[in-house]
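Chains, contacts and geometry: an overview
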Amino acid sequence: MNFRDVLKALALYPGEAPDARIFGDEIGGLVKAVGAGVKHVAPGDRVLGLAVFGLATQTLARGGDIRRIPSGLSFEEASTIPVVFMTAWHALVNVARMRKGESILVHAGAGGVGMAAIQIAHHLGAEVIASAGSHTKRALLETLGVKHVIDSRRGDFAEAVMELTNRRGVDVVLNALAAEAIPMGLSCLSEFGRFIEIGKRDIYQNSRIPLWNLRRNASFHVVAMDAVFSGDESLTRDMLGEIAELVEKRALTPLPFRSFAACRVDAAFRLMASGKHIGKVVVSFPEAFVPRQGEPLPPAFAIQPDGCYLITGAFGGFGKVLAQWLVKSGAKHLVLSSRSGASTPEAQAFVKSLENAGTEVRVVRADAGSEKDINALLAEVSAGKQPLRGVFHLAMVIDDAPLAALNRDRLRSVITPKAYGAWLLHKGTAHLKLDCFVMFSSVSSIFGNPAQGNYGAANSFLDSLAHHRHALGLPALTMNWGVLGGAGYVARNERVAEFLAKQGTYELSPGEVVSLLESSLAAGNTQVVAIRVDWAKWEAILPQRAGQSVARAHPLFSRRTGGWGPDQRLAP
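Attention here is on the structure that accompanies the text. (Residues numbered from 1 in each chain as written. Predicted model: local features only at pLDDT ≥ 70, side-chain atom pairs only at ≥ 80, totals over all residues. Heavy atoms only, no water.)

Moving on to unusual backbone geometry. With phi around 55 degrees, Phe53 is a residue other than glycine that occupies positive phi space. Within the secondary structure, Phe53 sits in the loop between β2 (46–50) and β3 (66–68). Of the residues examined, Phe53 reaches a relative accessible area of 45% and is grouped as partly exposed. Positive phi is not limited to glycine here, since Phe192 has a value of about 65 degrees. Among the secondary structure elements, Phe192 is positioned in strand β8 (residues 189–197). (Helix = DSSP H or I, 4+ residues; strand = E, 2+ residues; numbered from the N terminus. Buried < 20%, exposed > 50% of the residue type's maximum accessible area, 1.4 Å probe, protein only.)

Here it is in structure tokens:
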């Protein structure tokens, strides 16, 4: 991405510009097809370059605007090269005609073009003075070998440049700043100096510039790369070729970048608009997000009508939601277990509704934390004619208290049914050919919750058990839920719901829960975090959590992991 993409999205980009409605200029990807006159690349080649509507899974490009990716570079690294390095090359080499021993002032040195210009200036043997607007960015520039770094937000940066050059001034100014920064930059020019303007705001606002500072044979040049890119193809081909060769020789290197999956393009735009990024912002298309032409949609998770499905904690709020989803998905045989069984008229009516839908329902009273009860439960399941195909472990007990107030009994009462119960179910079914083994965990094991040390510990065990089963080649999915609304524990406890809302966490509806669960099963994930959260409230109410490595995302945040390595994806 480039900053002009942000300006276009905000309707601040000049409407008369030829690329006003085109997002994405530079790409890294695979060639799908070539025209008859294209000989330097072939289908299947890994390439970088310029493209029309580059912010897409497939796009078109002129042959001269594409080159093979230098060896050893990823697609993301390659995509940081074309626009910024071609802009800097054209400005410094083609327009400014920089020579060895000259000096240059690079404004916004920690931006994409700025960092590329610094590399090219060093390659040409020039002395660099660079500006940046924050301490972090100025420190970065020093690590890049810039000897003189100044604060671009200082009102007297021009005086600082003159002091650094013994009042001589610099030979070249590469400017992307607006308004008063332009005449200040002009005052920094030496005799025969060249001022290269790559910004657009003052150009399209027809701003006036003072000519006094140009009196000593200085010159003012406008570099509009949109016109360069859409103009002479041989010019872009030659520039891209020279840059690619220098990258291949490691004389130039790709820029640092932050990559966003395509489904989080909104976060990419927000980061770039804030100006807090360093280097480039890249929108990538991980394998999971790239639809293949003609590829059928992945099948939904299949519920087998000739199999049996076991639910523990079945008569809690979401045990019922889960049972209804299984029946709707085609399940004909359910075993519903809880400590009290169907002991209430409401529970009995629920069982009757499932039976009226054509499903055989067996209710087994069992304490999930009792080895004897779990063995009896699994024996009851085995006694049926249908093989057990899925386990859904929802059993839980909540007993919140500060850690200092927890004794052995209070720890055992919470950890045993959830953690030990899951372990007993794992041991008792490890020899069976299950399609799924689902455990309802909580974000308390990820972020922690006040006064829920016992509950968080139990859920952490579920998360670890899921990865243990995965390592053994057994199916497993742990769902780290946020606030479950409509039918869960929070929905039945108004004060808890109010407390969670104050800290910025809100309910997921039963429909959303089922949808996330089904898609996670279909994707074969091992661990999924799903939470609806207002991050501003989260940080304001619980500032100690602001220091944790928590991704900012859409109000519905999901982190999925498969196996031992995290594969981070964000739910739309």
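More follows now that the structure is in view.
This brings us to the sheet that holds β8. Spatially, β6-β5-β4-β7-β8-β9 is the arrangement adopted by the 6 strands of the open sheet, whose pairing is parallel. Of all strands in the sheet, those with a lone pairing partner are β6 (148–151) and β9 (219–222), marking the two edges. Averaged over all pairs of adjacent strands, the angle between their axes in this sheet comes to 20 degrees, without regard to strand direction. Relative to β6, strand β5 (residues 127–132) runs parallel, the two sharing 4 bridges. Within the sheet, the bridge partner assigned to Ala132 lies in β6 and is Asp151. Strands β4 (103–106), β5 and β7 (170–175) of the sheet are contacted by helix α4 (residues 112–124), whose axis makes an angle of about 170 degrees with β5. (Pairing = 2+ DSSP bridges. Axes fitted to C-alpha atoms, helices over the stretch in contact; angles between N-to-C directions. Contact = heavy atoms within 4.5 Å.)

Here the focus is the pattern of salt bridges. Summed over all chains, the structure comprises 16 salt bridges. Arg168 is the partner of Asp171 in a salt bridge, and the nearest nitrogen-oxygen pair spans 2.9 Å. Judged by relative accessible area, Arg168 falls into the partly exposed class, the value being 43%. Residue Arg532 pairs with Glu512 through a salt bridge whose shortest N-O separation is 2.8 Å. You can see Arg532 sitting in strand β20 (residues 527–533) and its partner Glu512 sitting in helix α18 (residues 510–523), a full 20 residues away along the chain. The class for Glu512 is partly exposed, based on a relative accessible area of 25%. The network of salt bridges with common partners includes Arg99, Glu102 and Arg194. (Salt bridge = Lys/Arg side-chain N within 4 Å of Asp/Glu carboxyl O.)

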